[in-house]
Structure formats: C-alpha cells, structure tokens
Amino acid sequence: MTDTRMIDMHVHSSASDGTFAPSDLLAEAKKAGLCAMALTDHDTMDGIEEAQQAANELGIELVPGVEISTEYNGREIHVLGYYVSQESPRLKAMLEEFRDFRATRNVRMVERLREEGFSITMEQLREKFPDSVLTRAHMSRFLCDTGQLPDTRTAFSKYLGENCCCYIDRPKISPADAVELIREAGGLAVLAHPVLCNLPDEELLEMIAEMKQAGMCGLEAVYSENTADDEAHMKKLAEEFDLCVTGGSDFHGKNKPDIQLGKGKGNLHIPYAYLQSLKELQSNSEGI
C-alpha cells in the first residue's frame, strides 16, 4: 500500500525570522494535514522545546533541527541539521556566538537604514515584533508595512541584501565545518536549497564533495523555489553522490507570504519516505 503521508523538513518560527510561534506552527501543520515537521530556525534551537510540547499534544512527529549559516567562495550557504543535540558544547557555543553578534548587528544595520533616510528604530521593531528574534526580515517588513518601501524584494535588493549599503556581514564558518559540528552533535547534515547557492556547477560539485567527505548525508532537492528541471537535477546529484533526498517549503509565515506550510507555492510534494530514510541513517549511526 502506498504511503501518502506528507511532511515538511524546512520550517521557521519566531525563534528566528518566521512569524508563527513554535507552538502555532504545529497547529498550522495539523491544519495542513502534515504528519511530521522539522523546525529549522536560523542559527538557533530556542523554539524546539515549545514546538515539541505542541507536537506531543497534537500527535505530530517533530524533527528537532537548525539551519546554520556558512560561507563558501564568497556565497552564503545554509546547512540543515536534523536530530542535533542542543547540549553539544561546540555547537551550543557557536550558536551563542551567532546570537550575541546578531544583537549588535541589528543596531548597526538600523543605524545605516536611518542614514539612508528611513524612519526606523530598534524600539519600533521591538514594539511591532514583540515575540520575535529580530532579523533583516523584520526590518524589511517594517519598512514595507510603514509604506517606506514597496515590497520586501526591493528592501533586500537595494538595502538589506549581501553587499548592499545597509548590510553588515556576520561571522560564518565553512559548510564542511557546519557538517562536522552537526555530526558531532549527533545529527544529520543536509545541504539546504542547493539551487539558491548560486554557485557555478563546478564549484557546487566541489562543495558537495567536501561536505560529503565531512559526513553530509543529504540534499534538499524538493524546494519551494525549484523548477521541475531544478528538482530533477538535484535528485540526480543526490544519486551521484549517494545522498538522501529531502524536501522543505522554507516556510516563514508572513515574511514569505507566497509560501505555504507543506505546499510551498502550491506544488510541493514531500513524502514521509524522505524522513524515513533519514531516520534509518540516524538509527544506524546510533547503533555503531
């Protein structure tokens, strides 16, 4: 009998730059008919405990996760970690360093936005997003909601994106280092949205090889922004490198309003079999 259960392995809450509280995300997952969901907030696992409690109450399988920001050849690369331990000393220290830097970075970016003539303060951001860890996405939404910019795409392309006038870089590690940290924390490492890495084919293959050597086990081949050709290409790469295929919407709530939980832009199909493959890997690694 065919298993028709659906999942979403890439979801963000208000613990990073999503707009739904972790518990509310699980309620949305229930409404969407998902049987499992991975919470993968950017550089933090602060929402996992709340999400797990809600998952238990709603009968949804929660995969504790994180999305780590890294850099490769000048490009920002994201690495997903599943089943990682929050108590791993090195991973915990790195996430704390990222969190502490984010606070000062936000202040400096708001100062640059003000220098560009925008009316925005940290106090206004905290008032508008009281239960959120403030990020560039919140700055973007504030500028759009107050009529100072037409849309979030403009905010990032002109002011808040990498190499733009108001952007402040942050400390990063290499993708291979992130994989090693995830593995050390007892987790499984997966390259997030490879197409969005915007690397030439040769560099992408080199990076995947390095990450595989470090212990990476999967590629996020099914993704909201992928075309059918993109998905087919990523699945082929996963096969060539003997990696698991995973999939996720990259749901952020109102910060990415065109993306639905579990469905992406309406065309996502992420079967439970993808998660089952990861669980088998996790079980095998624990038995070693």
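Residues numbered from 1 in each chain as written. Predicted model: local features only at pLDDT ≥ 70, side-chain atom pairs only at ≥ 80, totals over all residues. Heavy atoms only, no water.

**Considering the packing of helix α8 (residues 201-214) against helix α9 (residues 228-240)**
Helix packing geometry: the angle between the two helix axes and the distance between the axes.
Next, step 1: Their axes nearest at 12 Å, the elements α8 and α9 cross at an angle of 40°. Of the possible angle classes, the one that applies to α8 and α9 is oblique. Crossing hand, α8 versus α9: right-handed. On α9, the residues that touch D201, L204, L205 and I208 of α8 are H233, M234 and L237.
Next, step 2: When the residues that make up the contact of α8 with α9 are grouped by side-chain class, the tally is five nonpolar, one polar and one charged. (Axes fitted to C-alpha atoms, helices over the stretch in contact; angles between N-to-C directions. Helix = DSSP H or I, 4+ residues; strand = E, 2+ residues; numbered from the N terminus. Parallel < 35°, antiparallel > 145°, perpendicular 65-115°, else oblique. Left-handed = near helix turned anticlockwise from the far one by under 90°. Contact = heavy atoms within 4.5 Å. Nonpolar A, V, L, I, M, F, W, Y, C, P; charged D, E, K, R; others polar.)

**Some remarks on the pattern of salt bridges**
Next, step 1: Tallying each qualifying case throughout the model produces 14 salt bridges.
Next, step 2: The shortest N-O distance in the salt bridge between K265 and E225 comes to 3.1 Å. One end of the pair, K265, is in the loop between β7 (244-248) and α10 (272-286); the other, E225, is in the loop between β6 (218-223) and α9, and 40 residues separate them in sequence.
Next, step 3: Close ionic contact of K256 with D250 constitutes a salt bridge, the shortest N to O distance being 3.1 Å.
Next, step 4: By relative accessible area, D250 is classed as buried at 3%. (Salt bridge = Lys/Arg side-chain N within 4 Å of Asp/Glu carboxyl O. Buried < 20%, exposed > 50% of the residue type's maximum accessible area, 1.4 Å probe, protein only.)

**A short note on the packing of aromatic side chains**
Next, step 1: Evaluated as defined, the whole model comprises two aromatic pairs.
Next, step 2: Seen from their ring centres, F20 and F251 are 5.7 Å apart, and the 35° between their planes marks the pair as tilted. Taken together, the residues F20 in the loop between β1 (6-11) and α1 (22-31) and F251 in the loop between β7 and α10 connect sequence positions 231 residues apart.
Next, step 3: Residue classification places F20 among the partly exposed positions, given a relative accessible area of 25%.
Next, step 4: According to the relative accessible area criterion, F251 is buried, its value standing at 7%.
Next, step 5: The ring centre of Y272 lies 3.9 Å from the NZ or CZ of R5, which sits over that ring. (Phe/Tyr/Trp six-rings, centres within 6.5 Å; stacked < 30°, edge-to-face > 60°. Lys NZ or Arg CZ within 6 Å of the ring centre and 35° of its normal.)

**With respect to the side chain of R105**
Next, step 1: Positionally, R105 belongs in helix α3 (residues 89-115).
Next, step 2: It turns out R105 is buried and unbridged, and the closest side chain with the opposite charge, D169, is 5.7 Å from it.
Next, step 3: Once residues lying within four places of it in the same chain are set aside, the contact partners of R105 are R136, Y167, I168, D169 and R170. (Lys, Arg positive; Asp, Glu negative; His and termini not counted.)

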